[in-house]
Every structure is written in structure tokens, then in C-alpha cells.
Amino acid sequence: ETGVTQSPTHLIKTRGQQVTLRCSSQSGHNTVSWYQQALGQGPQFIFQYYREEENGRGNFPPRFSGLQFPNYSSELNVNALELDDSALYLCASSLAGGGSSYEQYFGPGTRLTVT
Amino acid sequence: GENVEQHPSTLSVQEGDSAVIKCTYSDSASNYFPWYKQELGKRPQLIIDIRSNVGEKKDQRIAVTLNKTAKHFSLHITETQPEDSAVYFCAAFYFGNEKLTFGTGTRLTIIP
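These lines cover the structure that appears in this document, whether it is placed above or below. As the structure is a prediction and not an experimental result, all values here were calculated from the model.

This part covers the overall build of chain A. Summing up its helical and strand segments, chain A has 0 helices and 13 strands in all. The linear arrangement of helices and strands in chain A, starting from the amino end, is β-β-β-β-β-β-β-β-β-β-β-β-β. Overall, the C-alpha framework of chain A stretches about 40 × 30 × 25 Å when taken along its three principal axes. When the accessible area of chain A is evaluated, it comes to approximately 5300 Å², of which 48% is carbon and sulfur surface. Averaging the locations of the 7 positively and 9 negatively charged side chains of chain A gives two centres separated by 7 Å.

Below, the structure written as C-alpha cells:
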């Protein structure tokens with residue numbers, strides 16, 4: 001198992017609400033990437049945080065936002081939830097130097113259900 | 001942007017036989033190719049990876065090969081065991097893009 005943790009494990013929200021998901025990176029890692037995995041599909045990149053700044057973003061709307069804290073943990077915030085936001089949200093931590101990160105280790109994920 | 005195609009989508013193999021999963025990528029700038037194994041309800045687990053300056057890498061029963069010219073890479077599992085049953089994802093990455101682009105996954109079933 002990796003040292004990456006996520007909370008909560010499961011979450012049920014209503015359409016239009018807001019949600020915050022949390023991720024603690026593996027010891028020694030300084031970069032956190034967030035992915036959305038819909039049922040039966042591969043993970044889709046949302047964004048990455050390095051040195052507390054967004055360092056790359058996938059094809060997700062601005063209502064998906066994030067933060068990284070000085071201890072390298074991270075939050076994913078989703079506003080105005082839609083039914084299609086129902087998915088497994090994974091964070092992955094890695095060690096980057098000069099903005100380049102290779103091996104990414106995933107947390108157990110947060111299963112979000114929007115009703 | 002990068003696009004990764006993965007085949008087959010499902011694969012059934014007799015225990016002890018070999019399994020091969022193939023992926024192609026579109027962006028010649030990609031320089032890192034990991035493989036993840038995901039069991040039902042669990043996190044994707046990095047099982048092996050390869051960088052673009054290497055053609056092949058082995059780790060016990062698992063090997064990955066990379067053909068940069070053809071832009072494809074493959075996962076080979078030999079002497080398969082029941083615990084190899086899972087969904088396997090390939091991915092591609094390049095410095096400056098900062099994101100892993102995943103394939104659509106292969107559900108591997110090992111038949112005892």
C-alpha cells in the first residue's frame with residue numbers, strides 16, 4: 001500500500017451542492033495530482049498541484065478547483081455539483097524536481113455520489 | 001492532446017499461460033509509460049513503468065516493451081496466477097504536460 005490517504009471514503013451529495021475532498025501525500029512527495037474515474041473507465045486528469053500552485057489542468061470546468069498546503073496535502077473542491085460528477089476521485093502523489101514528476105502513487109479514492 | 005488506445009478490453013487466460021496487453025499513444029513527446037493494476041474497489045497500483053530511453057524492462061513475471069517509432073508499448077505477464085485477475089491500465093506522460101493520460105483499461109481474468 002502507498003502512504004497516500006484520502007477522506008472521506010464515501011460521500012453522497014445533492015445536485016447543486018458543493019463538496020471538498022482531501023488528500024495527504026506520501027511522505028517525501030511534494031506534488032499532488034487529482035483524477036476523476038467514472039465507472040468502467042480510466043482515470044481522467046483534473047489538475048496537479050506543485051509548490052502550492054496549479055501546475056497543469058485537464059479538460060474540467062472552473063467549478064473544479066483545488067488547493068495545496070505547505071505540508072503538501074491537498075483539497076479538491078467541486079461547486080454546483082451535477083449528476084455526471086458522480087465518480088471515484090483519486091489523488092496521486094509524486095516527487096517532482098524542476099516541475100517534472102514521474103512515478104505517481106494513488107490514494108484509495110473518494111466515491112462521490114450526486115443525487 | 002495525448003490519446004492512448006488500449007487493447008483488448010477484456011482478456012481471459014488459462015492459469016500459467018501468458019497475457020499481453022497493448023497500448024498505442026499519439027504524442028511523440030511522451031516519455032514515460034506506467035502500467036497500473038486496479039482490483040475491484042481498490043486504488044490503481046503502479047506495477048511497472050518504462051521511460052522512453054529504454055526498450056524493455058522486466059520485473060519478475062512482468063515485462064513492458066516500448067517501440068517509440070511505432071508509438072506503442074505492451075505489458076507482458078508470464079506464468080499467470082489467479083491473483084493477476086484485475087483491470088490493467090496503461091498511461092502516457094511527458095515532462096511539461098504534467099498529466100497521466102490513461103487507456104480505457106483491460107479486464108484480465110485468469111481461469112484456474
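On we go from here.
Residues and elements named next belong to chain A. With antiparallel pairing, the 4 strands of this open sheet are ordered in space as 1-3-8-7. At either margin of the open sheet sits one strand with a lone partner, and together these are strand 1 (5-7) and strand 7 (64-68). Here the average twist between neighbouring strands, direction ignored, is 20°. Relative to strand 8 (residues 74-78), strand 7 runs antiparallel, the two sharing 5 bridges. The residue of strand 8 that forms the bridge with Gly66 is Leu76.

Locating Lys68(B) in the fold gives a position in the loop between strand 7 (62-67) and strand 8 (72-77). Residues Lys68(B) and Val54(B) lie 14 residues apart in sequence; the distance between their C-alpha atoms is 9.5 Å.

Turning next to the sheet that holds strand 8 of chain B. Residue and element names in this part refer to chain B. In space, the 5 strands of this open sheet follow the order 1-3-8-7-6, with antiparallel pairing throughout. Both outer strands of the open sheet, strand 1 (4-7) and strand 6 (56-59), are each paired with one neighbouring strand and no more. Across the sheet, the axes of successive neighbouring strands diverge by a mean angle of 15°, strand direction being ignored. Note that strand 6 and strand 7 share 4 bridges and pair antiparallel. Bridged to Asp59 within strand 7 is Ile62.

Quick notes on the rules
Residues numbered from 1 in each chain as written. Chains lettered and ligands numbered in written order. Predicted model: local features only at pLDDT ≥ 70, side-chain atom pairs only at ≥ 80, totals over all residues. Heavy atoms only, no water. Helix = DSSP H or I, 4+ residues; strand = E, 2+ residues; numbered from the N terminus. Areas by Shrake-Rupley, 256 points an atom, 1.4 Å probe, with all protein chains shown as cover. Lys, Arg positive; Asp, Glu negative; His and termini not counted. Charge placed at Lys NZ, Arg CZ, Asp CG, Glu CD. Pairing = 2+ DSSP bridges. Axes fitted to C-alpha atoms, helices over the stretch in contact; angles between N-to-C directions.

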